[in-house]
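Residue-level listing of the chains:
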Amino acid sequence: MELSAYENPQDALAVIYEFEDGLNKKRANFSEEENLVLDNFLVTEKTYYMLSDETKRKELRPFIENQRDKTESWIKSHESESPSKWIYCTCGDLIFFSMPFSINTIIKYGISVKEFYEKAMEKDPEFCYANLNYAQWYFWAPGIAGGSRKKAEEILENAFSFAVTPAEKYYAGIFYSQCLFENKKREESRAVLQVAYEQFPQSLYVKLIKECNENGYSIFEAGRKMSRQGKQDGSL
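The model shown is predicted, which means the values in this text are computed figures rather than measured ones.

*Asks:* Could you clarify how one ought to interpret the nonpolar core in this entry?
*Replies:* Soluble globular proteins tend to bury their nonpolar side chains together. Counting residues in hydrophobic clusters, the biggest one holds 49 residues, and the most contacted among them are Ile75, Cys89, Ile95, Leu132, Leu156 and Ile174. Core analysis: the next-biggest nonpolar cluster, separate from the first, contains 13 residues, Val43, Met50, Leu60 and Ile64 among them.

*Asks:* Before we go on, may I ask you to explain the pattern of salt bridges in this structure?
*Replies:* In a structure, side chains of opposite charge can pair up when their charged atoms sit close to one another. Tallied over the full model, the rule gives 9 salt bridges. Between Lys114 and Glu118 there is a salt bridge; the shortest N-O distance is 2.9 Å. With Lys114 and Glu118 both in helix 6 (residues 112-123) and 4 residues apart, this pair spans about one turn of that helix. Overall, the relative accessible area of 16% leaves Lys114 in the buried class. With its nearest N and O atoms 2.8 Å apart, the salt bridge here joins Glu187 to Arg190. Highlighted residues: Glu187 and Arg190, both in helix 10 (residues 186-199), separated by 3 residues, approximately one helical turn. The burial state of Glu187 is the same as that of Arg190; both residues are exposed.

*Asks:* Explain unusual backbone geometry here, please?
*Replies:* Of all residues except glycine, most have a negative phi; of all peptide bonds, most are trans. In this structure, Ser82 is a non-glycine residue whose phi angle is positive, near 55°. Among the structural elements, Ser82 can be located in the loop between helix 3 (60-77) and helix 4 (85-98).

*Asks:* Got a minute to help me understand the packing of aromatic side chains in this structure?
*Replies:* The geometry of an aromatic ring pair is captured by the separation of the ring centres together with the interplanar angle, meaning the angle of the planes. Throughout the structure, instances matching the rule amount to 15 aromatic pairs. A ring pair is formed by Phe175 and Phe220, whose centres lie 6.3 Å apart and whose planes are at 10°; its orientation type is stacked. You can see Phe175 sitting in helix 9 (residues 166-182) and its partner Phe220 sitting in helix 12 (residues 219-233), a full 45 residues away along the chain. Take Phe220: its relative accessible area is 6%, and that puts it in the buried class. Through a chain of ring-to-ring contacts, the aromatic side chains of Phe41, Trp86, Phe127 and Tyr129 assemble into a single cluster.

Rules used in this analysis
- Residues numbered from 1 in each chain as written.
- Predicted model: local features only at pLDDT ≥ 70, side-chain atom pairs only at ≥ 80, totals over all residues.
- Heavy atoms only, no water.
- Core = buried A, V, L, I, M, F, W, Y, C linked by side-chain atoms within 4.5 Å.
- Buried < 20%, exposed > 50% of the residue type's maximum accessible area, 1.4 Å probe, protein only.
- Salt bridge = Lys/Arg side-chain N within 4 Å of Asp/Glu carboxyl O.
- Helix = DSSP H or I, 4+ residues; strand = E, 2+ residues; numbered from the N terminus.
- Phe/Tyr/Trp six-rings, centres within 6.5 Å; stacked < 30°, edge-to-face > 60°.

Structure, rendered in structure tokens:
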């Protein structure tokens, strides 16, 4: 959440690397699974800001796919040990981040990413983080594959109600508000986005979302436009 205060992606990446350096000194205190979960978060956070940095984009595909494959392999070999909700959820995130790089990845993982989030929610039905990402699957998946904006809104409403920490309220507020916006519920959207803003008023991301909404489109639509542009110019 606090990384959203940085305008320059390089500055955000520097903070992530600094955090990682401090974390590495404590690695021995964590289990193998906990260290893998932490690495998954680090990879997805780095990926988010590397996407915003054109000089880093060529490194992204192997970076995210290697961590995805490592995590999926670990889960398969430890299935009998009842992996945690966090490992299932972060594996789903790694798959989600890897999907834009290849149509074959979309075909292979389009359903399994949903299943990873479902497994996390089986562990904890009120797991805000998993509900958020599960809802995004429904939002982005085509209707023929089971996607549904209405279903996404229902799950996001649940996620918003399950949010406890400031970061959970921040992210749940963002995604729920933008789904409401796309579903033509503008007043509700504005009220929910305000909750996200109140968690971290310095967020440049919320500021951008407000500007998008004031101009008549959601941050999701802005993302779709960027994705189309990226495919046209070869940057994605």
